[in-house]
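Chains, contacts and geometry: an overview
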Amino acid sequence: MQPVSVIICARNEAANLERFLPQVLRQDYPAGLFEVIVVDDGSTDTSAAVLAALQQQYGHLRIITIPADTQKDLPGKKYALRAGIAAAQYERLLLTDADCQPASATWLRDMTAPEAAIVLGYGAYQTAPGLLNRFIRWETVHTCMQYAGYGRRGKAYMGVGRNLCYNKSLLAPLQQDAAFQETYRHTPSGDDDLLIAAIATHSRPALSLQPAAHTISLPQPGWRSWWHQKTRHVSTGKFYPAGVKRLLGVYGLSHGLFWLIGLLLLVLSLCMPPGAPFSFWRLDGCLATPDPFIIAVWIAFLLRIVLYWINAAVWYRGLAEKKLFLFYPIGDLGWALYNVILSPYILWKSKQAWK
């Protein structure tokens, strides 16, 4: 096992630090082989007191404090992340968030075990009642299916910053990359997608998706806070590698058209009178018989849903995501609407806030 620096950036997260940080500090990993660095990014709550108390109990906890009035040259949490990386004494870095808890005592061991210089993990969300929670978890699995699949094919374009491991030395060449620095400095997110897309060109990532290697985050409590989070995250999509961007765009477009055209044809077939275009019934003289073309459309529509549903079920089982199987078609349709509504943020709009 290699020495590891765990980095957590936090702003006004006193309650979450008190609740979750001890689980990170008590990981089943040899003493002296890991440190936990918490970057307190201008907190105005009791985070400083919570961290000070925890530091009395855990000698491997290190605290970096960024004053609230600091003038920053990076947006979002990137400034705090850079400070944490600079302070890390080990080559191996493992990133998570203050509102996350490791799924097991072996999380650190499992996320750093692969020999690859980049390890992509899975950041789950707590299960709670309600439509929003189910869609958040549905979309989280769907995103994982994409970035994990692209990573396996050597086209890595993102990971999730709440569960991500990479070697510190991979970042050095980026300091000399003017194009990357220009983009990175002017986007609100990017610490877990633009960064991975840049460093993965030299090192193919490994995957550590077993349930023991997950982190579990607190989901957004309401639609407004979730929407604010998503508009910030998707704003970096326009800076992905051109090839990946085309593939993701074609997938998103075909997905939306499938639901739009498929549902339109199905509704028309049921509403149009016999003999009319797209009616389920065609007229053979005075006899109304089912139209083979419309039947074929129905079969193709349902077949696509079933095949994608089966594939999603494999991922739900592998990621130990429960109570999503029956929700799959609702989530799939919701994702089509979600893409249309979010398209302005994907294409041009960008928010600079973190918390």
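Details of the packing of aromatic side chains
Tallying each qualifying case throughout the model produces 19 aromatic pairs. Plain terms: the ring middles of Phe-180 and Tyr-184 are 5.1 Å apart, the flat faces sit at 20 degrees to each other, and that makes the pair stacked. Of this pair, Phe-180 and Tyr-184 are both found in helix H6 (residues 178–185), four residues apart, which corresponds to roughly one turn of the helix. A relative accessible area of 9% places Tyr-184 in the buried class. Taken together, the ring pairs connect Phe-135, Trp-138, Trp-223, Trp-226, Trp-227, Trp-309, Phe-325, Tyr-328 and Tyr-338 into an aromatic cluster. Above the plane of the ring of Tyr-184 lies Lys-78, whose end atom (NZ or CZ) is 4.1 Å from the centre. The residue whose ring lies beneath Arg-304 is Tyr-308, and the NZ or CZ to ring-centre distance is 3.9 Å.

Considerations on the sheet that holds strand E10 (residues 215–217)
Pairing within the open sheet is mixed, and its three strands lie in the order E5-E10-E7. Taken across any chain shown, the strands that pair with only one partner, and hence form the sheet edges, are strand E5 (100–102) and strand E7 (123–125). Each neighbouring strand pair of the sheet contributes to a mean axis angle of 35 degrees, computed without reference to strand direction. Two elements, E5 and E10, share three bridges in a ladder whose sense is antiparallel. In the strand pairing of E10, Pro-102 is matched with Thr-215.

Quick word on the layout of surface pockets
Space inside the second largest pocket adds up to approximately 290 Å³. Lining the second largest pocket are 15 residues, and of these Arg-82, Ile-85, Leu-171, Gln-175 and Tyr-184 lie nearest its centre. Elements supplying a minimum of two residues to the lining of the second largest pocket: helix H3 (78–87) and H6. Considering each element in turn, the lining of the second largest pocket owes the most residues, five residues, to H3. Considering only residue class, the lining of the second largest pocket consists of 10 nonpolar, two polar and three charged.

Some words on the environment of Phe-180
With a relative accessible area of 12%, Phe-180 lands in the buried category. With sequence-adjacent residues up to four places away left out, Phe-180 is seen in contact with Leu-174, Leu-194, Leu-195 and Ala-198.

Concerning the side chain of Ser-5
Tracing the chain through its elements places Ser-5 in strand E1 (residues 4–10). There is a polar contact of 2.5 Å between the side chain of Ser-5 and the side chain of Glu-35. Separated by 3.3 Å, the side chain of Ser-5 and the backbone nitrogen of Tyr-90 make a polar contact. Sequence-distant contacts of Ser-5, defined by excluding residues within four places in its chain, comprise Glu-35, Ala-88, Gln-89, Tyr-90, Arg-92, Leu-93 and Leu-94.

Examining the pairing of strand E2 (residues 34–41)
Of all eight residues in E2, eight are buried; the element is thus mostly enclosed. Taken together, the seven bridges between E1 and E2 define a ladder with parallel strand orientation. Across the sheet, residue Ser-5 finds its bridge partner in E2, namely Glu-35. After leaving E1, the chain enters helix H1 (residues 14–25) and then returns to the sheet as E2, a path that is right-handed.

Section: the nonpolar core
Core analysis: the biggest nonpolar cluster contains 62 residues, and Tyr-147, Tyr-166 and Ile-196 have the highest contact counts within it. Looking at which element gives the most residues to this core, the answer is helix H5 (residues 131–152), with 10 residues. Here Tyr-147 is in contact with Leu-120, Gly-121, Tyr-122, Tyr-157, Met-158 and Val-160, once residues within four sequence places are set aside. One finds Val-6, Ala-14, Leu-21 and Leu-61 within the second-largest nonpolar core, a separate group that totals 26 residues.

Details of empty space enclosed by the protein
Under the counting rule described, the total for this entry stands at one cavity of 30 Å³ or more. Roughly 40 Å³ of internal volume is contained in the largest cavity. Surrounding the largest cavity, Ile-7, Cys-9, Lys-77, Leu-81, Leu-95, Thr-96, Asp-97, Gly-161 and Asp-191 form its lining. For the lining of the largest cavity, the residue count by class is four nonpolar, two polar and three charged.

As for the sheet that holds strand E8 (residues 164–167)
Taken together, seven strands build an open sheet; the order of strands is E3-E2-E1-E4-E8-E6-E9 and the sheet is mixed. Unpaired on one side and paired on the other, strand E3 (61–66) and strand E9 (206–208) mark the two borders of the sheet. For this sheet, the mean angle separating the axes of adjacent strands, direction not counted, is 20 degrees. H3 rests against E1, E2, E3, strand E4 (92–97) and E8 of the sheet, and its axis sits at about 140 degrees to E3.

About the criteria used
Residues numbered from 1 in each chain as written. Predicted model: local features only at pLDDT ≥ 70, side-chain atom pairs only at ≥ 80, totals over all residues. Heavy atoms only, no water. Phe/Tyr/Trp six-rings, centres within 6.5 Å; stacked < 30°, edge-to-face > 60°. Helix = DSSP H or I, 4+ residues; strand = E, 2+ residues; numbered from the N terminus. Buried < 20%, exposed > 50% of the residue type's maximum accessible area, 1.4 Å probe, protein only. Lys NZ or Arg CZ within 6 Å of the ring centre and 35° of its normal. Pairing = 2+ DSSP bridges. Axes fitted to C-alpha atoms, helices over the stretch in contact; angles between N-to-C directions. 1 Å grid on protein atoms, 1.4 Å probe; cavity = no way out; pocket = protein on both sides within 12 Å on 5 of 7 lines; lining within 4 Å. Points joined across faces, edges and corners; volume = space filled by probe spheres on them. Nonpolar A, V, L, I, M, F, W, Y, C, P; charged D, E, K, R; others polar. Contact = heavy atoms within 4.5 Å. Polar contact = N/O pair within 3.5 Å; in protein donor to acceptor, adjacent residues only side chain to side chain. Right-handed = clockwise from strand over helix to strand, strands pointing away. Core = buried A, V, L, I, M, F, W, Y, C linked by side-chain atoms within 4.5 Å.

Remember, this is a structural readout, not a statement about activity or role.
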